[in-house]
Amino acid sequence: MAAIDTNSLSAVENPAELYDGANVLVTGGLGFLGSNLGFALAAAGASVTLVDSLLPQYGGNPHNIEGIQGKVAVSYTDVRDSYAMAYLISRHDFIFNFAGQVSHRDSIDDPLTDLEINTSASLNLLELVRKNNPGASVVYAGTRQVYGRPEYLPVDEKHPLHPTDANGISNLAAEMYHGMYAELHGIRATSLRMTNTYGPRQRLAGTTQAFVPIFVRKAFRDETITIYGDGNQRRDFVYVTDAVDAFLRAGRCADAVGKIMNLGHPDPMGLKDFADLLCEVVGTGRVALAPWPPDYEKIDIGDYYGSFELASKTLAWRPTVGVKDGLTRTIEFYRPRIAEYM
Ligand SMILES: NC(=O)c1ccc[n+]([C@@H]2O[C@H](COP(=O)([O-])OP(=O)(O)OC[C@H]3O[C@@H](n4cnc5c(N)ncnc54)[C@H](O)[C@@H]3O)[C@@H](O)[C@H]2O)c1
């Protein structure tokens, strides 16, 4: 399938349709982003393989494909397994590289596992593409964490990079490998740097992952959501269908090859306001402010919101879902099946 340019992409309303009949591999496919992408692709008639190791402490959940079983193939493979990955990569034309160890805290406690999963496995994936399937398109899920504490806002792609923890470093290295494979080897690789992304199918259990799922769990349990600091630290929140839309565009876009682009949202919001709104939507839970614990303060980045002008120009992409709408949809999803997620 030939890639298309930005002009043609600007006329596309549902980019999933560009994958009708395509062979698509999604690593981390039983996780939050991977499964939501799987739903969009399956609905559009793509032939999808979701790869996931379902390591117990990570975000993969078999319930995430309820509704598309039979429409997608699942390979219970660890992305560190080079032989199994070689087979899978040679048979797919589009690869969304979403498998990852996502906890910042765990990356500090066990940086070598973080490096293996987030960096070495990605480098191996790119090597396998170069050797076995050099025409494949690869889109990497990068993170705003690579910027560290913002020096200016909104943060654009020219902002200095100084990640504050091992997870940010392993993600940055993986992203740079994608860029290098595009430049040196002509691989169709692109990276999208995501900001806080939220929505259905995200793991709510655990204490060391991103803050949004922890807030959602606490609200459902009618517990107090503790926010460190004054609660005014701003973030831009992207609803998962908007993120999926950007990834789908990137995978088909000739002008995206070799580019690294921020995703973001035009209406950043304070954390306390976000958590208050969440409790209002759930109908339970409350918010309290507390002083920073020293080990958390060291890796906190303060205010962050990104410029997504480059992604808008290149992918003809804009987020369409506001926080109130996104949270309402999120909670509607979890309410009847909350036990499956925490
Ligand atoms: N959700 C966000 O807000 C956000 C923000 C920035 C970046 N990202 C990046 O996007 C990617 C996907 O994130 P997510 O939110 O969907 O997380 P997630 O934890 O829900 O999904 C990651 C998936 O990878 C799988 N996985 C982990 N190690 C694996 C291995 N060794 N082999 C095979 N599968 C493995 C997990 O089982 C899980 O299903 C991650 O790389 C993450 O760093 C996410």
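Before reading further, recall that the structure is shown in the block above.
Per chain, residues are indexed from 1 in the order of the written sequence. With the structure being a predicted model, the display of local features is reserved for residues of pLDDT at least 70 and the display and counting of side-chain atom pairs for 80 or more, all residues being used for whole-chain, interface and lining totals.

Participant: Any chance you could explain unusual backbone geometry here in plain terms?
Facilitator: Excluding glycine, residues mostly carry a negative phi; peptide bonds, for their part, are mostly trans. The omega angle of the peptide bond from L153 to P154 is -10°, so this bond is cis rather than trans. Assignment of secondary structure puts P154 in the loop between β5 (137-143) and α6 (166-185). The backbone of D222 shows a phi angle near 60°, a positive value even though the residue is not glycine. Each helix is a run of DSSP H or I of at least 4 residues and each strand a run of E of at least 2, with the numbering of both proceeding from the N terminus. Looking at the element boundaries, D222 is found in the loop between α7 (211-220) and β8 (224-228).

Participant: When you look at the site of the ligand in this model, what are you seeing that I'm missing?
Facilitator: Taken together, 32 residues surround the ligand, and among them G28, G31, G59, G60 and G100 come closest. It is helix α2 (residues 32-43) that contributes the most residues to the shell around the ligand, three residues altogether. Broken down by class, the residue content of the shell around the ligand amounts to 15 nonpolar, 13 polar and four charged. Whether a residue is near a molecule or strand depends on its C-beta atom, placed from the backbone, lying within 6 Å of it. Polar here means any residue outside two lists: the nonpolar Ala, Val, Leu, Ile, Met, Phe, Trp, Tyr, Cys and Pro, and the charged Asp, Glu, Lys and Arg; Gly therefore counts as polar.

Participant: Just checking my understanding: could you explain the environment of S47 for this structure?
Facilitator: Position of S47 among the secondary structure elements: in strand β2 (residues 47-51). Along the sequence, S47 and G264 sit 217 residues apart, while their C-alpha atoms lie 29 Å from each other. Any two residues are considered in contact once their C-beta atoms, placed from the backbone, lie within 7 Å. When sequence neighbours within four positions are dropped, the list of residues in contact with S47 reads A22, N23 and V24.

Participant: Explain the environment of G322 here, please?
Facilitator: Note on placement: G322 falls in the loop between α11 (309-315) and α12 (323-334). Along the chain, G322 and Y239 lie 83 residues apart, while their C-alpha atoms are 7.7 Å from each other.

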